[in-house]
Amino acid sequence: HLEGRRRPQRPTAQTPPRLNGKAGVAAQALLLHPGRAWQVQELAKEAAVSAGLAHRVLARLDNEGIVVAEGSGPNRVRRVVNPTALLDLWAEELAGQPTRTLGYLLAQTPQQLVKKLGTNLERAGIDYALTGAAGASLVAPFVTAIPVVDVWVAATAAPEELYNGAHADPVTDGQNIVFLQAKDDTPLAFREKVKGLWVTNRFRLYADLRRDPRRGREQADHLRREVIRL
């Protein structure tokens, strides 16, 4: 009765890593520093990952022609030569469904809502990064509405802490805030301060917009064309 069935193989140290999770953070570090020559230890430190994972990421990208190796021995470095392909590959392999907590915060305009939310979370000491249409409105303004503010928050924050910190009310529908949480804080990696508010780095913002059914793909293309330029 077991004929033809095999247990799925678990990843090993030799398995090429998908550019998701911590491996995805390493990919973002490479994208954020175009032209930099990377040693394995430098990438590991920048992305806060193990040297082993950094080496596996670089080895995979080397095999795919996205990075090239230069030098030998302790002076060996790798440099990204096809950032466009790297962005496409990482955005394609980014996976995982976040935990979504819905809230409502009274504000007169979408811009006031974004500012109020960020300010409240900052004062409460909750790490956050705006994404989606709200993040894009700060980085690359686009003619579109902001019906809901999507914001990544610290993975360990409890719903009650989020509501209290944001001064928001819990709701089951009619929300104007969606708190997003992953299993760890990788979505907050390399977040950037824009107009006094924390926003996901432009590559993470692009990937999040691609997944947004509310004209997100259109905004992602605008962000890539005007800001990322890859």
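Residues numbered from 1 in each chain as written. Predicted model: local features only at pLDDT ≥ 70, side-chain atom pairs only at ≥ 80, totals over all residues. Heavy atoms only, no water.

(A) Spatial organisation of the environment of Leu121. Relative to the assigned elements, Leu121 resides in helix α5 (residues 110–123). On the basis of relative accessible area, Leu121 is assigned to the buried category, the value being 0%. Excluding anything up to four places from it in sequence, Leu121 contacts Ile126, Tyr128, Val151, Val153, Gly165, Ala166 and Phe179. (Helix = DSSP H or I, 4+ residues; strand = E, 2+ residues; numbered from the N terminus. Buried < 20%, exposed > 50% of the residue type's maximum accessible area, 1.4 Å probe, protein only. Contact = heavy atoms within 4.5 Å.)

(B) Just the pairing of strand β5 (residues 128–131), in detail. Because side chains alternate across β5, one face comprises the buried residues Tyr128 and Leu130, and the other comprises Ala129 and Thr131, equally buried. Judged from the four bridges that link them, β5 and strand β6 (residues 149–153) form a sheet pairing that is antiparallel. Following the sheet pairing, Ala129 is matched in β6 by Trp152. (Pairing = 2+ DSSP bridges.)

(C) Quick look at the pattern of salt bridges. The full count for this structure, using the stated rule, is ten salt bridges. Of the charged contacts in the structure, one is a salt bridge between Glu92 and Arg210, with a shortest N-O distance of 3.6 Å. Here Arg210 lies in helix α8 (residues 202–210) and Glu92 lies in helix α4 (residues 83–93), a separation of 118 residues in the sequence. For Glu92, a relative accessible area of 57% translates into the label exposed. (Salt bridge = Lys/Arg side-chain N within 4 Å of Asp/Glu carboxyl O.)

(D) Structural context of the nonpolar core. Ranked by size, the top nonpolar core spans 64 residues in total, and within it Leu117, Leu130 and Phe179 carry the most contacts. When residues in this core are grouped by element, the largest group, eight residues, is from helix α1 (residues 21–32). Residue contacts for Leu130: discarding those within four places in its chain leaves Val114, Leu117, Gly135, Leu138, Val149, Asp150, Val151, Leu197, Trp198, Val199 and Thr200. Leu102, Ala129, Val178 and Leu188 belong to the second-largest nonpolar core, a separate cluster that totals seven residues. (Core = buried A, V, L, I, M, F, W, Y, C linked by side-chain atoms within 4.5 Å.)

(E) Fine view of the packing of helix α2 (residues 40–47) against helix α3 (residues 51–63). Axis separation between α2 and α3 bottoms out at 8 Å; the angle between their running directions is 110 degrees. Put simply, α2 runs roughly perpendicular to α3. In the packing of α2 onto α3, the handedness of the crossing is right-handed. Between α2, through Val40, Gln41, Leu43 and Ala44, and α3, the contact on the second element is made entirely by Ala51, Ala54, His55 and Leu58. (Axes fitted to C-alpha atoms, helices over the stretch in contact; angles between N-to-C directions. Parallel < 35°, antiparallel > 145°, perpendicular 65-115°, else oblique. Left-handed = near helix turned anticlockwise from the far one by under 90°.)

On their own, these measurements won't tell you what the molecule is for.
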